[in-house]
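Fold and geometry: a report
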Amino acid sequence: MPCNLNFNECNSFINFPVPIFNCRCRLIALLNSSTTTVINPPIVLANASFVATAQTVATQGNVVFALSSSTGTGITTDNAGNITLPTGRYLVSTSINGLIPTNGTASFALYQDGSQITASTVQVTGTSGANYSTSMNNVVVVNSGSSTLSLRNINSVSQTVNNA
């Protein structure tokens, strides 16, 4: 890990709550045989974009996405609408375009490891067959290992998605 050469002792209150540890701090810890000095871990950045083409999504079914672009190697998808995320914190932005189903309501939610993410529901009402566009943003946290994320139809009827 490269050193912070601004010699701000072992941390800087400007960077609270994430202090920046530098070479001097490491040297002092080494000379004092200290085992309590914590050096900030490296941050591994991973981004990915996914695209869903026209499809009919059954009740409780996943919107199926294809990987469009990515940086890093940890984010993957399968052919069933499941996206695998490694440990980290993610901003998930979703945009959905489709047709209002027969019951007059289009509704989707994000699911993490099979459980609905609180406050991730998006719902649009209108005339059956009319076009709609909607979007949502959610923060998803994966604490350890990996986690599976999906966008699911939570409506009581199947829904047509033009793209997402």
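Here's a quick rundown of the structure. (Residues numbered from 1 in each chain as written. Predicted model: local features only at pLDDT ≥ 70, side-chain atom pairs only at ≥ 80, totals over all residues. Heavy atoms only, no water.)

**Some points on the overall build of the protein chain**
Along its length, the protein chain carries 1 helix and 10 strands. Seen in sequence order, the protein chain has helices and strands lined up from the N terminus as α-β-β-β-β-β-β-β-β-β-β. Sorting the 164 residues of the protein chain into buried and exposed places 35% on the buried side. Looking at the protein chain alone, contacts between residues at least 24 apart form 63% of all its contacts between residues at least 6 apart. By element, 56% of the accessible surface of the protein chain is carried by carbon and sulfur atoms, the whole surface being about 9700 Å². (Helix = DSSP H or I, 4+ residues; strand = E, 2+ residues; numbered from the N terminus. Buried < 20%, exposed > 50% of the residue type's maximum accessible area, 1.4 Å probe, protein only. Contact = heavy atoms within 4.5 Å. Areas by Shrake-Rupley, 256 points an atom, 1.4 Å probe, with all protein chains shown as cover.)

**Quick word on the packing of aromatic side chains**
What the rule picks out here adds up to 0 aromatic pairs. The cationic tip of R152 hangs over the ring face of Y111; the distance from NZ or CZ to the ring centre is 3.9 Å. (Phe/Tyr/Trp six-rings, centres within 6.5 Å; stacked < 30°, edge-to-face > 60°. Lys NZ or Arg CZ within 6 Å of the ring centre and 35° of its normal.)

**Here we look at unusual backbone geometry**
Here Q60, not a glycine, exhibits a phi torsion of approximately 60°, which is positive. Its location among the elements puts Q60 in the loop between β2 (55–57) and β3 (66–71). At D113, a position not held by glycine, the phi torsion is positive, near 50°.

**Considerations on the environment of A58**
Mapped onto the elements, A58 comes out in the loop between β2 and β3. Given the relative accessible area of 47%, A58 is considered partly exposed. Residues A58 and T160, spaced 102 residues apart in sequence, show a C-alpha to C-alpha distance of 8.9 Å. The contacts of A58, once residues within four sequence positions are left out, are N153 and S158.

**Examining the pairing of strand β10 (residues 159–163)**
When β2 meets β10, the two strands line up antiparallel, connected through 3 bridges. Bridge pairing in β10 links V57 to Q159. With 3 bridges connecting them, strand β5 (residues 83–99) and β10 associate as antiparallel partners. Directly across from G98, in β10, lies its bridge partner V161. (Pairing = 2+ DSSP bridges.)

**Looking at a nonpolar patch on the surface**
Nonpolar side chains collect at one region of the surface, where L91, V139 and V141 lie side by side and expose about 260 Å² of accessible area between them. Relative to the helices and strands, V141 is located in strand β9 (residues 131–153). (Patch = residues over 30% accessible without salt bridge, like charges linked within 9 Å, V, L, I, M, F, W, Y side chains within 5 Å. Salt bridge = Lys/Arg side-chain N within 4 Å of Asp/Glu carboxyl O.)

**Structural notes on the pairing of β5**
One ladder, built from 2 bridges, connects strand β4 (residues 76–77) with β5; its direction is antiparallel. Of the residues in β5, the one forming a bridge with T76 is T84. If you look at the hairpin formed by β4 and β5, you'll find 5 residues sitting between the two strands, and G81 has a positive phi there, around 90°. With 16 bridges connecting them, β5 and β9 associate as antiparallel partners. Within the sheet, the bridge partner assigned to N97 lies in β9 and is S133.

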